[in-house]
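Read off the chains here:
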Amino acid sequence: MHCLASLDTMVRKVKKPMSSNETTAPRQHASSGPALPQLAEPSHAKRSRTLISLASVGTLSTLSRKHQGFPFGSLMPFALDPAGRPLFLISNMAMHTQNLKADPRCSLFVGQANADGDPLGAARATLIGLAEPVPASDLASVREVYLACHENSRYWVDFSDFSFFRLQPVDLYYVGGFGVMGWVEASDYQDAAPDPLAGAAPGILAHMNADHINSMILLARFHAGIEATEATMTSVDRLGFTLRLKTNEGMKGVRINFTHEVAIPMETRTVLVEMVRQARR
């Protein structure tokens, strides 16, 4: 991301229309005081799709054959097909493979990559569905997608005891941090697209949290009416960002929307500069 070092620099304001395909449901964060204005935000479906698109490893829970009714958790590398369905390359000897062959019902838990601070404040999602062998007609495309994500798998992808499975989502549960959670229809998840800032978001967060704490404290005071002594940006997308704030009343979370939609990291810098200048006036 381009540096935000000169937050007082004069910049040109770029206006773009807000997308209408977003949620405007009320939000109330834990310990956040009065309800905030009902501003447009990315839907849980879009957030889930973005979160999962940034990950390559999750926790797969299958139904144990040995202890019927009990979940069996496994570390699971995965890739996503164009519909956002997780793809697994698994050995016939693995316990989770044996479990899936007996009962395809499972869930895949994915947490926010490189999350700092309290892990309960980080985003995560649980995909519930059926994981079954990939049909022969799809193997070539699935193999290509998976190996693009997991290059080292080339050493064993052609072993006779390894095969591809695909998880078909039935439902999804998303948690975006404190007080932000909800179920997502499988069809809404598959229709959603990852946020355009997804790849740049970790760098934006790292930069803001390293160099611009005072500016985030100012934005929290101006846009949310919260006096904070410390601020951490925990997420950012094309419509805004989320802050975790340390206040005299305890930890609070707040969502602050951009003044206009952004599509690239440089536009994120521009809109943040505008918002800080507005707050300082």
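Preceding this section is the structure that the text describes.
Summary of the structure given here. This one's a predicted model, so the numbers in the text were calculated from it and none came from an experiment.

As for a nonpolar patch on the surface
A cluster of nonpolar side chains, Ile128, Leu130, Val170 and Trp183, forms an exposed patch at the surface whose accessible area comes to about 370 Å². Secondary-structure assignment places Ile128 in strand 6 (residues 124-133).

Regarding helix 1 (residues 44-53)
Because the α-helix completes a turn every 3.6 residues, residues three or four places apart line up on one side. Extensive coverage of helix 1 is indicated by the burial of eight of its ten residues. Taken residue by residue, helix 1 has Ala45, Lys46, Arg47, Ser48, Arg49, Thr50, Leu51 and Ile52 as its buried positions.

A closer look at helix 5 (residues 201-211)
Within the span of helix 5, buried status applies to Ala201, Ile204, Leu205, His207, Met208 and Asn209. On its buried side, helix 5 packs onto helix 6 (213-224), strand 9 (230-237) and helix 7 (265-280).

A word on the packing of helix 6 against helix 7
Put simply, helix 6 and helix 7 touch, their axes get as near as 9 Å, and they point 65 degrees apart. The handedness of the crossing between helix 6 and helix 7 is left-handed. Contact residues: helix 6 offers Ser215, Leu218, Leu219, Phe222 and His223, while helix 7 offers Leu272, Met275, Val276, Gln278, Ala279 and Arg280. Class assignment of the residues belonging to the contact of helix 6 with helix 7 gives a composition of seven nonpolar, three polar and one charged.

A word on the pairing of strand 6
Examined bridge by bridge, strand 5 (residues 105-111) and strand 6 share seven bridges and lie antiparallel to one another. Considered in strand 6, the bridge of Cys106 is made with Gly129. For strand 6 and strand 7 (residues 162-177), the ladder comprises ten bridges, and the chain directions are antiparallel. Across the sheet, the residue bridging to Leu127 is Leu172, located in strand 7.

A look at the packing of aromatic side chains
Evaluated as defined, the whole model comprises four aromatic pairs. Relative to Phe164, the ring of Tyr146 has its centre 5.6 Å away and its plane inclined at 70 degrees; by these criteria the two rings are edge-to-face. Pair noted here: Tyr146 is in helix 3 (residues 139-149) and Phe164 is in strand 7, with a separation of 18 residues, a long-range link. You'll find Tyr146 and Phe164 in the same group, each marked buried. The ring of Tyr189 carries the charged tip of Arg49 above its face, separated from the ring centre by 5.5 Å.

Regarding the nonpolar core
Formed by 28 residues in total, the largest nonpolar core has its most connected members in Met233, Val236, Phe241, Leu243, Leu245 and Phe258. Elements supplying a minimum of two residues to this core: helix 5, helix 6, strand 9, strand 10 (240-247), strand 11 (250-257) and helix 7. With six residues, helix 6 is the largest single contributor of residues to this core. Leu243 has contacts with Met216, Ala220, Thr232, Met233, Thr234, Lys252, Gly253, Val254 and Ile256, leaving out every residue within four places of it along the chain. Judged by nonpolar contacts, the second largest core, of 24 residues, contains Ala45, Ile52, Phe78 and Tyr189.

Comments concerning the pattern of salt bridges
Taken as a whole, this structure holds twelve salt bridges when the rule is applied. For the salt bridge of Arg221 with Glu227, the shortest nitrogen-to-oxygen distance reads 3.0 Å. Ionic pairing is found between Arg238 and Glu261, a salt bridge with its closest N-O pair at 3.0 Å. Here the residue Arg238 occupies a position in the loop between strand 9 and strand 10, and Glu261 occupies one in the loop between strand 11 and helix 7, the gap between them amounting to 23 residues. The residues Arg238 and Glu261 share a single accessibility class, namely buried. Among the charged side chains, a network of salt bridges with common partners joins Asp195, Arg238 and Glu261.

Comments concerning the environment of Phe109
By the element assignment, Phe109 lies in strand 5. For Phe109, a relative accessible area of 37% translates into the label partly exposed. As a C-alpha pair, Phe109 and Ala125 span 16 residues in sequence and 5.9 Å in three-dimensional space. Apart from residues no more than four positions distant in its own chain, Phe109 is found in contact with Gly58, Thr59, Arg124, Ala125 and Thr126.

The rules we used
Residues numbered from 1 in each chain as written. Predicted model: local features only at pLDDT ≥ 70, side-chain atom pairs only at ≥ 80, totals over all residues. Heavy atoms only, no water. Patch = residues over 30% accessible without salt bridge, like charges linked within 9 Å, V, L, I, M, F, W, Y side chains within 5 Å. Areas by Shrake-Rupley, 256 points an atom, 1.4 Å probe, with all protein chains shown as cover. Salt bridge = Lys/Arg side-chain N within 4 Å of Asp/Glu carboxyl O. Helix = DSSP H or I, 4+ residues; strand = E, 2+ residues; numbered from the N terminus. Buried < 20%, exposed > 50% of the residue type's maximum accessible area, 1.4 Å probe, protein only. Contact = heavy atoms within 4.5 Å. Axes fitted to C-alpha atoms, helices over the stretch in contact; angles between N-to-C directions. Left-handed = near helix turned anticlockwise from the far one by under 90°. Nonpolar A, V, L, I, M, F, W, Y, C, P; charged D, E, K, R; others polar. Pairing = 2+ DSSP bridges. Phe/Tyr/Trp six-rings, centres within 6.5 Å; stacked < 30°, edge-to-face > 60°. Lys NZ or Arg CZ within 6 Å of the ring centre and 35° of its normal. Core = buried A, V, L, I, M, F, W, Y, C linked by side-chain atoms within 4.5 Å.

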